[in-house]
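# Architecture at a glance
For reference, the chains in residue letters:
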Amino acid sequence: MKAIVVTDQAAGTAGMKLVERPNPQTARLASLEGASYGDVVIEVHASGFTGNELEWPSTWTDRLGRDRTPSIPGHEVAGVVTALSYGTTGLSVGQRVFGLTDWTRDGSLAEYVVVEARNLAPLPGDIDFTVGAGAAMTGLTAWQGLFEHGHLRAGQSVLVHGAAGAVGSMATQLAREAGAYVIGTGRAAHHQTALDFGAQEFVDLEKDALEDIGRVDLVFDVFGGDIGDRSAALVRAGGMLVSVAGPPEARPIDGLAVDFVVVSDRAQLGEIARRVREGRVRTNIGQVATLDDAVAAFNTTERISGKTIIRVRP
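The structure reproduced in this document is the subject of the present report. Only a predicted model underlies this, so the values are computations on that prediction, with no experimental measurement involved.

### Considering the pattern of salt bridges
- Under the defined criterion, the tally for this structure stands at 21 salt bridges.
- Residue D126 is joined to R277 by a salt bridge in which the shortest nitrogen-to-oxygen separation is 3.0 Å. Here R277 lies in helix α6 (residues 266-277) and D126 lies in the loop between β7 (120-122) and α2 (129-149), a separation of 151 residues in the sequence.
- Of the charged contacts in the structure, one is a salt bridge between R275 and E177, with a shortest N-O distance of 2.8 Å. With R275 in helix α6 and E177 in helix α3 (residues 166-177), this pair connects stretches of sequence that are 98 residues apart.
- Residue class for R275 comes out buried when judged on its relative accessible area of 10%.
- Of the residues examined, E177 reaches a relative accessible area of 32% and is grouped as partly exposed.
- Each of E177, E271, R274, R275, E278 and R280 takes part in one network of salt bridges that share partners.

So, in structure tokens, the structure goes:
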């Protein structure tokens, strides 16, 4: 099968290569001798890649800390189940699915991938595979940041950094749908995009004073660094600073701060798919490329707004 592999952490995306790799051994997966409990083989139709994946230790080592290169990156997947191992529940061969692949195993930038079934959810037939791959990581990250960790409720205010980005735009939509007042941030060029995704106010981080927005109940931070530190002072008493950019160095005086790593959740994926079907949220996809063109797509000299999705099959 065709797959994108990486072997050199220092090379970044420039070190990606398109190669031939062995197909997952479907027959062995289905046997008692070779079964990895709860795994499925996915025929990949669309795949997503997170920009800082190549900085994650799990890209380069397995769960025991052993080198696993050459490794296949990509953790967002939409495709069709082609084989099941023992212990698999809730899925069947031929079923359309989407979700996240395992962090410490080969990922989805390939024609086939082996995934723990619990990390996948059914993908309705009227949702395109490209949309499914684009909604998996972004939707789960936004959902868990807002509701599991941020405990967002109707009537509260939320500051969403990077509101025009792939994750930020999903957080903006979900927060608005939940009845929150959303203030988005970004560069001036992203102003209208953030408003189109539902932000009610916009802060230009290159020109406006972030501190002028006043206090908010929740900060959803994808940037970290100075922006994250300054945001801590904006959290009102009892509020939350939720970060996906690592542990916040500054913490709210009378609130809480938390950072988290997204996990796959079948029920939450189902909620996201339902909202996509009903037109209540939409994915922010910037470009779609083929697997043959994936290396060039991830090394483009142009700034691409939204998420890049690799369409593995037509």
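So much for the structure itself; the text now carries on.
### Regarding the nonpolar core
- Of all hydrophobic cores here, the largest spans 42 residues; its most connected members are F98, L146 and V158.
- For this core, the secondary-structure elements that each account for two or more residues are β4 (76-84), β5 (96-100), α2, β8 (157-160), α3, β11 (216-221), β12 (235-243) and α6.
- Considering each element in turn, this core owes the most residues, nine residues, to α2.
- Among residues more than four places away in sequence, those in contact with V158 are L146, L152, A175, A180, Y181, V182, I183 and L218.
- Counting residues in each nonpolar core, the second largest holds 30 residues, with L54, V77, A294 and F298 among its members.

### Re α2
- Its 21 residues place the ends of α2 29 Å apart at the C-alpha level, agreeing with the 30 Å of an ideal helix rising 1.5 Å per residue.
- Bending of α2 peaks at approximately 35° at the position of A135.
- Summarising burial for α2: 17 of the 21 residues are buried, a large majority.
- Put simply, D128 is the residue that caps the front of α2, since its side-chain oxygen is 2.8 Å from the backbone nitrogen of T130.
- Phi turns positive, to about 50°, at H151, one or two residues after α2.

### So, the packing of aromatic side chains
- Scanning all chains against the criterion turns up three aromatic pairs.
- Between F49 and F298, the ring centres sit 4.7 Å apart and the planes meet at 45°, which makes this aromatic pair tilted. Of this pair, F49 sits in the loop between β3 (39-48) and β4 while F298 sits in helix α7 (residues 294-298), and the two are 249 residues apart along the sequence.
- By relative accessible area, F49 is classed as buried at 7%.
- Ring centres 5.6 Å apart and planes at 90° place the aromatic pair W56 and W103 in the edge-to-face group. A residue pair is termed long-range when its members are at least 10 positions apart, and W56 in the loop between β3 and β4 and W103 in the loop between β5 and β6 (112-116) qualify at 47 residues.
- The ring of F129 has R96 lying over it, and the distance from NZ or CZ to the ring centre is 4.1 Å.

### A closer look at the environment of V115
- Summarising the element assignment, V115 is placed in strand β6.
- On the accessibility criterion, V115 (0% relative accessible area) is buried.
- Along the primary structure V115 and D39 are separated by 76 residues, whereas in three dimensions their C-alpha atoms are 5.5 Å apart.
- Beyond its immediate sequence surroundings of up to four residues, V115 is in contact with G38, D39, V40, I42, L100, T101, D102 and L120.

Definitions and cut-offs
Residues numbered from 1 in each chain as written. Predicted model: local features only at pLDDT ≥ 70, side-chain atom pairs only at ≥ 80, totals over all residues. Heavy atoms only, no water. Salt bridge = Lys/Arg side-chain N within 4 Å of Asp/Glu carboxyl O. Helix = DSSP H or I, 4+ residues; strand = E, 2+ residues; numbered from the N terminus. Buried < 20%, exposed > 50% of the residue type's maximum accessible area, 1.4 Å probe, protein only. Core = buried A, V, L, I, M, F, W, Y, C linked by side-chain atoms within 4.5 Å. Contact = heavy atoms within 4.5 Å. Expected span 1.5 Å × (residues − 1). Bend = angle between axes of the 7 residues up to and from the residue. Polar contact = N/O pair within 3.5 Å; in protein donor to acceptor, adjacent residues only side chain to side chain. Phe/Tyr/Trp six-rings, centres within 6.5 Å; stacked < 30°, edge-to-face > 60°. Lys NZ or Arg CZ within 6 Å of the ring centre and 35° of its normal.

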